Amino acid sequence: MSETTAPAPVKAPVSALAALVFGACAIGFAPIFVRMTETGPAAAGFWRLLLALPILALFALRDGGGVKTLPSKAMVMAGLFFAMDLSFWHYGVKLTSVANATVLTNLSPVVVTAVAWFAFRERPGRIFLAGLALAISGAWTMAAGADKSQAIAPLLGDLLSLATAVWYALYFIAMRQARQGAGASRAMFWSTLVSTPILLIAAFGMREDIIPASGAGWLACLGLAVVHVAGQGSIAWALGRLPASIASVVVLAQPVVAAVAGWILFHEALTPVQMLGGALTLVGVVIAQRAPVYRPQ
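Residues numbered from 1 in each chain as written. Predicted model: local features only at pLDDT ≥ 70, side-chain atom pairs only at ≥ 80, totals over all residues. Heavy atoms only, no water.

**Some words on the overall build of the protein**
Convention followed: Secondary structure elements are defined from DSSP: runs of H or I of at least 4 residues count as helices, runs of E of at least 2 residues count as strands, and each element is numbered from the N terminus. Only protein chains enter the accessibility calculation, which uses a 1.4 Å probe; a residue is then buried when its area is under 20% of its type maximum, exposed when over 50%, and partly exposed in between. Two residues form a contact once any of their heavy atoms are found within 4.5 Å. All accessibility values rest on the Shrake-Rupley procedure with a 1.4 Å probe; residue burial counts only the protein chains present in the view.
A count of helices and strands for the protein gives 13 helices and three strands. Within the protein, the fraction of its 297 residues that count as buried is 55%. In the protein, 91% of the contacts between residues at least 6 apart in sequence involve partners at least 24 apart. Surface summary for the protein: the accessible area is close to 12600 Å², and the carbon and sulfur share equals 72%.

This is the structure:
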């Protein structure tokens, strides 16, 4: 007579959570650099990835397989999804506020949690779902409370940023799969290599300015590359050690960092409603990351 085994709770390692929080905070500065690149949105993404590739190649050489063996299907898919993610998001950053673009993009935990639940059988507990709901409500509160006069085309920018959430979720899931059989550096190198030419083609297709006009623009592109290596690299490393649903919620710390940076550098004032939303988001992140996710034994 067969017995059914109860799902086992999965606890998040402290080191992986620390890396994830660091990565989320680093990525929070990405929209700031996008505004400063003096290029088109897709071109900014192209330089972000191209300048990061040599660093990622050096790191990947230390991983098993390095850069010599062909990438897995999951790495290729992660690259395709990330190219779509950056294309949509960078346009969103140009058209709406930094806070809104980052907040709406990071609603991806809804998609990630659903897919992880059904595809990977990672069943979230009630405490996790409560934290997720609180973080998402905080993110929406931040977006709704933004001063629309600070954006060029807020509605279109918000819609593009919202669509980015789907691409980001698919990237998250594909990268998690890529990390099951490879090191973070190798997975990052190949996904970045796949994304780079796609963004250049998009930049030419949209008739963007490709080359930064000044040294400050080049420094911003270099800043994007550093953010990509440090931020996405830390996230990719953590994804090999955390359930996808927990990782996707902790990354919701990005909008708070982006909103504060936008307030300081671009004088995009935070309204009281946005501040409330930021607080709710952070509380939700803390609750969700402390809750176990159940995997079948």
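**What about the packing of helix 8 (residues 154–178) against helix 9 (residues 184–205)?**
Convention followed: Helix axes use the C-alpha atoms of the stretch in contact, all axes being lines fitted to C-alpha atoms, and the angles between their N-to-C directions lie in the range 0 to 180 degrees. Roughly parallel means an angle under 35 degrees; roughly antiparallel means over 145; roughly perpendicular covers 65 to 115; every other angle is labelled oblique. Crossing handedness is defined as follows: a turn of the near helix away from the far one that is anticlockwise and smaller than a right angle gives a left-handed crossing, while the clockwise case is right-handed. Polar here means any residue other than Ala, Val, Leu, Ile, Met, Phe, Trp, Tyr, Cys and Pro, which are nonpolar, and Asp, Glu, Lys and Arg, which are charged; Gly is therefore polar.
Orientation of helix 8 relative to helix 9, taken along the N-to-C sense of each, is 135°, at an axis distance of 10 Å. On the basis of their axis angle, the class for helix 8 and helix 9 is oblique. Relative to helix 9, helix 8 is oriented so that their crossing is right-handed. Residue-level contacts link Tyr171, Met175 and Ala178 of helix 8 to Ala187, Met188 and Ser191 of helix 9. For the contact of helix 8 with helix 9, a count of residues per class yields five nonpolar, one polar and no charged.

**Describing the packing of helix 3 (residues 41–60) against helix 9**
Close contact between helix 3 and helix 9 brings their axes to 8 Å; oriented N to C, the two are set at 155°. Here helix 9 runs roughly antiparallel to helix 3, going by the angle between their axes. Of the two possible hands of crossing, helix 3 and helix 9 adopt the one that is left-handed. Facing Ala42, Ala43, Gly45, Phe46, Leu49, Leu50, Leu53, Leu56, Ala57, Phe59 and Ala60 of helix 3, the residues of helix 9 in contact are Ser185, Arg186, Met188, Phe189, Thr192, Leu193, Ser195, Thr196, Leu199, Leu200, Ala202 and Ala203.

**Brief notes about the nonpolar core**
Our working rule: In these notes, a set of buried Ala, Val, Leu, Ile, Met, Phe, Trp, Tyr and Cys residues joined through side-chain atoms within 4.5 Å is what counts as a nonpolar core.
Grouped together as the largest cluster of nonpolar side chains are 53 residues, with contacts concentrated most on Tyr171, Met175, Phe189 and Ile235. Among the elements of the structure, helix 1 (14–27), helix 2 (30–36), helix 3, helix 4 (73–95), helix 8, helix 9 and helix 10 (215–239) are those that each provide at least two residues to this core. With 11 residues, helix 3 is the single largest residue contributor to this core. Among residues more than four places away in sequence, those in contact with Tyr171 are Ala78, Phe81, Phe82, Met188 and Gln232.

**Observations regarding the packing of aromatic side chains**
As a reminder, the rule being used: When two rings of Phe, Tyr or Trp (its six-membered ring) have centres within 6.5 Å they constitute a pair, described as stacked for plane angles under 30 degrees, edge-to-face for angles over 60, and tilted for the intermediate range.
A complete count under the given rule lists eight aromatic pairs for this structure. For the pair Tyr168 and Tyr171, a centre-to-centre distance of 6.3 Å together with 5° between the ring planes defines the contact as stacked. Linking Tyr168 with Tyr171, this pair stays in helix 8, spanning three residues, or about one helical turn. A single burial state applies to Tyr168 and to Tyr171, both of which are buried. What links up through ring pairs into an aromatic cluster is the set Phe82, Tyr168, Tyr171 and Phe172.

**A closer look at unusual backbone geometry**
In this model, Glu38 sits at a positive phi of 65°, which is unusual for a non-glycine residue. Relative to the assigned elements, Glu38 resides in the loop between helix 2 and helix 3. For Arg207, which is not glycine, the phi torsion reads 55° and is therefore positive. Position of Arg207 relative to the elements: it lies in the loop between helix 9 and helix 10.

**What about the side chain of Ser191?**
The condition that has to hold: We define a polar contact as two N or O atoms separated by no more than 3.5 Å, with the added condition that, inside protein, one atom must be a possible hydrogen donor and the other a possible acceptor, whereas residues neighbouring each other in sequence contribute only through side-chain atom pairs.
Mapped onto the elements, Ser191 comes out in helix 9. Given the relative accessible area of 3%, Ser191 is considered buried. A distance of 3.0 Å separates a polar atom in the side chain of Ser191 from the backbone oxygen of Ala187. Those residues in contact with Ser191 that lie beyond four places of it in its chain are Met75, Ala78, Gly79 and Met175.

**A short note on a nonpolar patch on the surface**
Convention followed: Residues enter a patch when their relative accessible area is above 30% and they make no salt bridge; the linking distance is 9 Å between like charges and 5 Å between nonpolar side chains (Val, Leu, Ile, Met, Phe, Trp, Tyr). The term salt bridge refers to a pairing of a side-chain nitrogen on Lys or Arg with a carboxyl oxygen on Asp or Glu at a separation within 4 Å.
A grouping of Ile127, Val283 and Ile287 is seen on the molecular surface, where their side chains present a nonpolar patch of about 240 Å² in accessible area. The residue Val283 is located in helix 13 (residues 272–290) in this model. Since its relative accessible area comes to 42%, Val283 is described here as partly exposed.

**Here we look at the environment of Ile235**
Summarising the element assignment, Ile235 is placed in helix 10. Residues Ile235 and Gly23, 212 residues apart in the sequence, show an inter-C-alpha distance of 5.5 Å.

**Looking at the environment of Val166**
Mapped onto the elements, Val166 comes out in helix 8. Considering only alpha carbons, one finds Val166 and Thr105, 61 residues apart in sequence, at a separation of 8.1 Å.

**Let's talk about the confidence of the model for the protein**
Stated formally: Confidence of the predictor at the level of single residues is given by pLDDT, which spans 0 to 100.
The predicted model of the protein has a mean per-residue pLDDT of 79, with 79% of residues at 70 or higher. The spread of mean pLDDT over the elements of the protein runs between strand 1 (residues 8–10), the lowest at 51, and helix 9, the highest at 93. Below a pLDDT of 50 lies the segment residues 1–6, which in the model reaches two contacts outside its immediate sequence neighbourhood of four places, other chains included.

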